[in-house]
Amino acid sequence: MAYLPLFHNSEHLRALIIGGGRVALRRAKALIHAQVTCDVVAPDCQAELAALIDDNGGAVQQQAFNPEVISKRYQLVLALTDNSDINAAIAEQAKALDLMVNVADDPSAGNVIFGATVDRTPLTIAINNGGASPVLSRLLRQQLDQFVPKHYGALAALVGRYRDEVKQALPKESDRVAFWESVLQGSVAEALFSGQHDVAEGLLKKSLLNADKHKSNGEVYLIGAGPGDPDLLTLRAFRLLQQADVVLYDALVSAEVMDLVPDRAERIYVGKRRANHSVPQDGINQLLVDHALLGKRVARLKGGDPFIFGRGGEEIEKLAAHQVPFQVVPGITAASGCSAYGGIPLTHRDYAQSVRFVTGQLKDGSIALEWPALAVENQTLVFYMGLKGLPIICEQLMAHGMDPNMPAALVEKGTTQDQRVITSDLTNMPTTMTQETVMSPSLFIVGRVVNLHDKLAWFASEREA
Ligand code: SAH
């Protein structure tokens, strides 16, 4: 059987629902939502359905089906009884009158079927697989529902109101397409997605005034790319990445995440680890501004979360100074990712009531930290950039009174296929680290919670298997 995907103007439709159970109620709600007037014929129509029909201008006939109830008065008939013979008879009668008919338990007996829908009125997505697998349609519906921004309906409604005005202002079709693309994927849409309806409308009007100058608004998305596993990107990060014209990325952004960058986008590596080719921070800030001022949508991808040891603050300061619109998308920071994938909870009722994220970066061969505040019990310490300084960190913690047997872990390349978790204690970790030739990026975790790793290790080994 073949199906034509078609959206029917339903405002003046009248439908006859034959059946009064749960499915009938669900269908009646969908039909009434689409402004269809519904009548019901059923010997035992449930009270909620009867009330719904009544409230919406329809009639309920409490009686068994007989062919006379189907007439040309209706455009659509739904066969929803629990008797397949009756449903087949309904379908036959309706088809004989050239009506649309849907049979719930046997789609092929009717001539129309209901798609699984994602509703962002006025935007609707309907899915059909010819009745092969309603479960598959439902799963796909759930995926789309998560993926399609909740505010797309409001966005569709907003641009719908300006269609005519834009048509007049931009008579050339190619200009209009460019205009709408920049509205639907740029600052107007983003303002709406963050709930600022008035700002969105203001920006749309402003772009319309400037539209003839062909100057689209550039902007910057400062995106947390997470610690490595691309599944850890947020939905917003993924969406913004898809619409980027230029992507500036760090050494910490994994290859798997970079695979999600669209082919058409220009990629600029600004990592700091390849010392010889590194772009200094000022240079990165300037690149962001320059590309945005050219009208481009710039995605600045940073490992983990942009505001945790990421210098994200400095980059947006510069953008703000140049009045470049930007937004910051949080990411899963290395501590969260490594903790979850390494089986080391960062806090625990019994062992740690607080957690500290600390930079372990060396300055002139030493680390200036408040050691007495760090060397305490019932706290988990997470050192970022602490690989080089690890021997100093262990030594200082012990010198300030921390138990030399305090458990410690190194999580190397956390959340990636190559993740390693190496456990030891403060006394022995410097040697263990050398023996195991632990590489960057690695996170150093100190605290009693590390002991839980053994209990939870099955989880890590399952992943490796
Ligand atoms: N903004 C980042 C941190 C940047 S600092 C975030 O929120 O995660 C860089 C340090 O982060 C590295 O030296 C390392 O200590 C840690 N790190 C980042 N990704 C990591 C990973 N996948 N595994 C282990 N440590 C990681």
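Residues numbered from 1 in each chain as written. Predicted model: local features only at pLDDT ≥ 70, side-chain atom pairs only at ≥ 80, totals over all residues. Heavy atoms only, no water.

What follows deals with the sheet that holds strand β15 (residues 407–412). Reading across from one edge, β13-β14-β17-β15-β16 is the order of the five strands in this open sheet, with mixed pairing throughout. Two strands close off the open sheet at either side, each with one partner strand: β13 (354–359) and β16 (420–425). Put simply, the sheet's adjacent strands are angled 20° from each other on average, direction ignored. The sheet contact formed by strand β14 (residues 379–384) and strand β17 (residues 442–446) spans three bridges and is antiparallel. Residue pairing for β17: F383 is matched across the bridge by F444. Relative to β17, helix α15 (residues 390–399) is tilted by about 10°, and along the sheet it contacts β14, β15 and β17. (Pairing = 2+ DSSP bridges. Helix = DSSP H or I, 4+ residues; strand = E, 2+ residues; numbered from the N terminus. Axes fitted to C-alpha atoms, helices over the stretch in contact; angles between N-to-C directions. Contact = heavy atoms within 4.5 Å.)

In the region of the ligand, 18 residues are neighbours, and D305, I308, T333, G414 and S442 sit closest. A distance of 3.0 Å is found between a nitrogen atom of the ligand and a backbone nitrogen or oxygen belonging to G303. Between the ligand and the protein, one listed contact pairs an oxygen atom with a backbone N or O atom of M385 at 2.9 Å. Coverage of the ligand by the protein chains reaches 93% of its 550 Å² of free accessible surface. Sorting the residues of the shell around the ligand by element identifies α13 (334–342) and β17 as the ones contributing at least two each. Grouping the amino acids of the shell around the ligand by side-chain chemistry returns 11 nonpolar, five polar and two charged. Counting the residues that make up the shell around the ligand, at least three belong to each of domain 3 (219–332) and domain 4 (335–464). (Near = heavy atom within 4 Å. Polar contact = N/O pair within 3.5 Å; in protein donor to acceptor, adjacent residues only side chain to side chain. Areas by Shrake-Rupley, 256 points an atom, 1.4 Å probe, with all protein chains shown as cover. Nonpolar A, V, L, I, M, F, W, Y, C, P; charged D, E, K, R; others polar. Domains from an automatic or database assignment.)

Where burial is concerned, most of β14 is hidden: six out of the six residues are buried. Alternating positions in β14 separate into two faces, Q379, L381 and F383 on one and T380, V382 and Y384 on the other, with burial throughout. Both β13 and β14 contribute to a ladder of six bridges, which runs parallel. By the bridge assignment, S354 is partnered in β14 with Q379. (Buried < 20%, exposed > 50% of the residue type's maximum accessible area, 1.4 Å probe, protein only.)

A few words now on helix α5 (residues 152–169). Because each turn of an α-helix spans 3.6 residues, side chains separated by three or four positions in sequence point in the same direction. For α5, spanning 18 residues, the distance from its first C-alpha to its last is 24 Å, which sits close to the expected 26 Å at 1.5 Å a residue. The sharpest bend along α5 measures roughly 45° and falls at R163. Looking only at α5, the buried set comprises G153, L155, L158, V159, Y162 and V166. Tucked into the core, α5 has its buried residues touching β6 (116–120), α6 (173–185), α7 (187–193) and α8 (197–210). (Expected span 1.5 Å × (residues − 1). Bend = angle between axes of the 7 residues up to and from the residue.)

Strand order in this open sheet of five strands is β3-β2-β1-β4-β5, and the pairing throughout is parallel. Every interior strand has two partners, whereas the edge strands, β3 (60–61) and β5 (100–103), have only one. Contacts from helix α1 (residues 22–33) reach β1 (14–18), β2 (37–41), β4 (76–79) and β5, with the element oriented near 175° to β1.

All right, on to the side chain of R300 then. Along the chain, the position of R300 falls in strand β11 (residues 297–302). In this structure the side chain of R300 is engaged in a polar contact, spanning 3.1 Å, whose partner is the side chain of D250. Looking at R300, its side chain comes within polar contact range of the side chain of E315, at 3.0 Å. Beyond its immediate sequence surroundings of up to four residues, R300 is in contact with V220, Y221, L222, I223, L248, Y249, D250, V270, I284, L288 and E315.

Looking along a regular strand, one sees side chains alternate from face to face of the sheet. Among the six residues that make up strand β8 (residues 219–224), six are buried, leaving the element largely enclosed by the rest of the structure. Residues E219, Y221 and I223 point to one face of β8 and V220, L222 and G224 to the other, with burial holding for every one of them. Both β8 and β11 contribute to a ladder of six bridges, which runs parallel. Across the sheet, the residue bridging to G224 is K302, located in β11. Across four bridges, β8 lies against strand β12 (residues 326–329) in parallel orientation. Bridge pairing links V220 to F326 in β12.

Purely geometric numbers; function is a separate question.
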